[in-house]
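# Topology and contacts: notes
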Amino acid sequence: MSEAPAAPPAASAERPHPDGIDLLLRPPEPRAGWRLLPARVVAMCAVELQKLRHDRTELYTRAVQPALWLLIFGQTFTRLKAIPTDGIPYIDYLAPGIIAQSAMFIAIFYGIQIIWERDAGVLNKLLVTPTPRSALITGKAFAAGVKSLIQAVVVIVIAALLGVALTWNPLKLLGVGAVVVLGSAFFACLSMTIAGIVLNRDRLMGFGQAITMPLFFGSNALYPLSVMPGWLQAVSKANPLSYQVDALRGLLLGTPAHLALDFAVLLVAAALGITAASSVLGRLAR
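Residues numbered from 1 in each chain as written. Predicted model: local features only at pLDDT ≥ 70, side-chain atom pairs only at ≥ 80, totals over all residues. Heavy atoms only, no water.

Named according to an unreviewed UniProt entry, the chain is Transport permease protein originating from Streptomyces lanatus. Word for word, the UniProt comment on the chain under Sequence similarities (unreviewed entry) is "Belongs to the ABC-2 integral membrane protein family." (UniProt positions renumbered as here; feature names shortened; annotations may be inferred.)

Here it is as structure tokens:
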């Protein structure tokens with residue numbers, strides 16, 4: 001008789017897993033140090049932008065107002081030749097101002113959303129996570145910037161269809177994107193700061209409507225500084241929107257601009273806005 005076959009060796013209870021399966025069983029190491037803040041900012045920005053997948057109505061309705069500014073106001077004043085623009089057609093001069101205006105109008109009411117999150121209980125859940133408050137604010141601010149960037153593309157397309165002589169240099173267009181995002185980040189932070197002070201959507205709407213038109217008309221979006229009275233020139237020089245418009249004109253039209261100063265002011269304004277909004281964010285959770 002032949003011997004019975006030997007029993008196979010017992011398998012180890014701790015079987016080695018392939019790398020892919022091992023990642024499923026073993027949680028990844030948490031980010032630490034300098035990697036934490038950028039990761040949380042990107043995550044918050046991505047969460048904000050996910051909302052556009054469910055409702056794009058805002059993008060379509062927001063395009064109506066800048067289109068009317070260019071079609072009616074721009075073309076009418078181009079024929080009147082009432083505003084000195086150094087030989088540039090007025091509609092060309094106006095287009096960068098309308099890009100900045102439409103971006104500001106998107107960002108300036110961003111605080112309403114954070115109040116809604118407070119009322120829905122979402123904000124309290126975010127604040128008890130390890131995510132720094134500055135990361136929450138920065139993510140929301142730059143999400144507003146990306147939304148404004150989409151709006152800026154729409155305005156640029158409309159302006160191009162109307163014959164505005166814009167640059168198509170890729171590097172300058174990247175600069176335009178950076179200017180739009182930085183300016184929108186500041187105005188979104190301004191809105192969230194006001195939200196943290198007034199703590200009410202109706203009050204925030206009132207404050208937003210009270211400051212949008214002074215910010216717009218107290219800038220160089222519609223007319224140059226040279227035609228303003230002295231007091232309005234002082235207001236315009238303290239208005240971040242003026243530096244945003246100046247940079248957009250220099251990049252899109254090639255007009256003389258102070259790009260280094262414009263970018264510096266927008267960077268400082270965005271940093272101060274993030275600091276201010278982060279400091280009052282806790283008031284919304286009370």
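Attention shifts here to the overall build of the chain. Helices and strands together make up the secondary structure of the chain, namely 13 helices and zero strands. Of the regular secondary structure in the chain, the N- to C-terminal order runs α-α-α-α-α-α-α-α-α-α-α-α-α. In the chain, the share of contacts with a sequence separation of at least 24, taken over all contacts with a separation of at least 6, comes to 78%. Accessible surface computed for the chain: about 15,500 Å², of which carbon and sulfur atoms make up 67%. (Helix = DSSP H or I, 4+ residues; strand = E, 2+ residues; numbered from the N terminus. Contact = heavy atoms within 4.5 Å. Areas by Shrake-Rupley, 256 points an atom, 1.4 Å probe, with all protein chains shown as cover.)

Our next topic: unusual backbone geometry. Even without being glycine, K81 reaches a positive phi, approximately 55 degrees. Along the chain, the position of K81 falls in the loop between α4 (64-80) and α5 (90-107).

Moving on: the UniProt feature "transmembrane region" (unreviewed entry) in the chain. Taking the UniProt record as the reference, the feature "transmembrane region" (unreviewed entry) is found at residues 98-116, 149-168, 174-199, 211-232 and 259-281. Secondary structure over residues 98-116 splits into 84% helix and 0% strand, and the C-alpha atoms at its two ends are 29 Å apart. When the span residues 259-281 is considered, its composition is 100% helix and 0% strand, and the gap between its end C-alpha atoms is 32 Å.

With that out of the way, let us pick up the packing of aromatic side chains. Under the defined criterion, the tally for this structure stands at eight aromatic pairs. Ring geometry for F216 against F217: centres 5.2 Å apart, planes inclined by 50 degrees, an arrangement best described as tilted. Residue F217 is classed as partly exposed on the basis of its relative accessible area, which comes to 34%. Ring-pair connections join several aromatic residues into one group, and the members of that group are W69, F73, F77, Y90, Y93, F216 and F217. Looking at R249, its charged tip hangs above the ring of Y93, at a distance of 3.5 Å from the centre. (Phe/Tyr/Trp six-rings, centres within 6.5 Å; stacked < 30°, edge-to-face > 60°. Buried < 20%, exposed > 50% of the residue type's maximum accessible area, 1.4 Å probe, protein only. Lys NZ or Arg CZ within 6 Å of the ring centre and 35° of its normal.)

Let's shift gears to the environment of L204. Secondary-structure assignment places L204 in helix α10 (residues 201-217). Sequence separation between L204 and I108 is 96 residues; the distance between their C-alpha atoms is 9.8 Å. Residues in contact with L204, not counting those within four places in the same chain, are G111, I112, I115, S191, I194, A195 and V198.

Another point: the side chain of N220. Positionally, N220 belongs in the loop between α10 and α11 (230-237). A residue is classified by how much of its surface remains accessible, and N220, at 10% relative accessible area, is buried. Reaching out from N220, the side chain makes a polar contact with the backbone oxygen of S242 at a distance of 3.4 Å. If sequence neighbours within four positions are ignored, N220 has contacts with Y93, M228, S236, L241, S242, V245, D246 and R249. (Polar contact = N/O pair within 3.5 Å; in protein donor to acceptor, adjacent residues only side chain to side chain.)

Let us look at the side chain of D92. Of note, D92 is situated in helix α5. Buried charge without a partner: D92 forms no salt bridge, and the closest opposite charge is R249, 10 Å away. Apart from residues no more than four positions distant in its own chain, D92 is found in contact with V164, A165 and L253. (Lys, Arg positive; Asp, Glu negative; His and termini not counted. Salt bridge = Lys/Arg side-chain N within 4 Å of Asp/Glu carboxyl O.)

Once that is clear, we can look at helix α12 (residues 240-253). In a regular helix each residue adds 1.5 Å, so 14 residues correspond to 20 Å; α12 covers 20 Å between its end C-alpha atoms and thus fits that length. Burial of α12 is extensive: 13 of the 14 residues sit out of reach of the surface. Where α12 begins, the capping side chain belongs to N239, and its oxygen is found 3.0 Å from the backbone nitrogen of L241. Following α12 by one or two positions, G254 has its phi on the positive side, about 75 degrees. (Expected span 1.5 Å × (residues − 1).)

With that out of the way, let us pick up the pattern of salt bridges. Enumeration over the complete set of coordinates arrives at three salt bridges. With a shortest N-O distance of 2.7 Å, R118 and D119 are connected by a salt bridge. Assessed through its relative accessible area of 19%, R118 is described here as buried.

All right, on to the nonpolar core then. The biggest cluster of nonpolar side chains holds 69 residues, and the ones touching the most others in it are L70 and I114. The greatest single-element share of this core, amounting to 13 residues, is contributed by helix α9 (residues 170-198). Those residues in contact with L70 that sit more than four places away from it in its chain are Q75, I91, L94, A95, I98, V155, I158, A159 and L162. (Core = buried A, V, L, I, M, F, W, Y, C linked by side-chain atoms within 4.5 Å.)

Moving on: α4. Residues lying three or four places apart along an α-helix face the same way, a consequence of the helix completing one turn every 3.6 residues. The first and last C-alpha atoms of α4 sit 24 Å apart over 17 residues, in line with the 24 Å expected at 1.5 Å per residue. Residue G74 marks the point of greatest curvature in α4, where the axis turns by about 30 degrees. Listed as buried for α4 are P66, A67, W69, L70 and G74. With its phi angle positive at about 55 degrees, K81 sits one or two positions after the end of α4. (Bend = angle between axes of the 7 residues up to and from the residue.)

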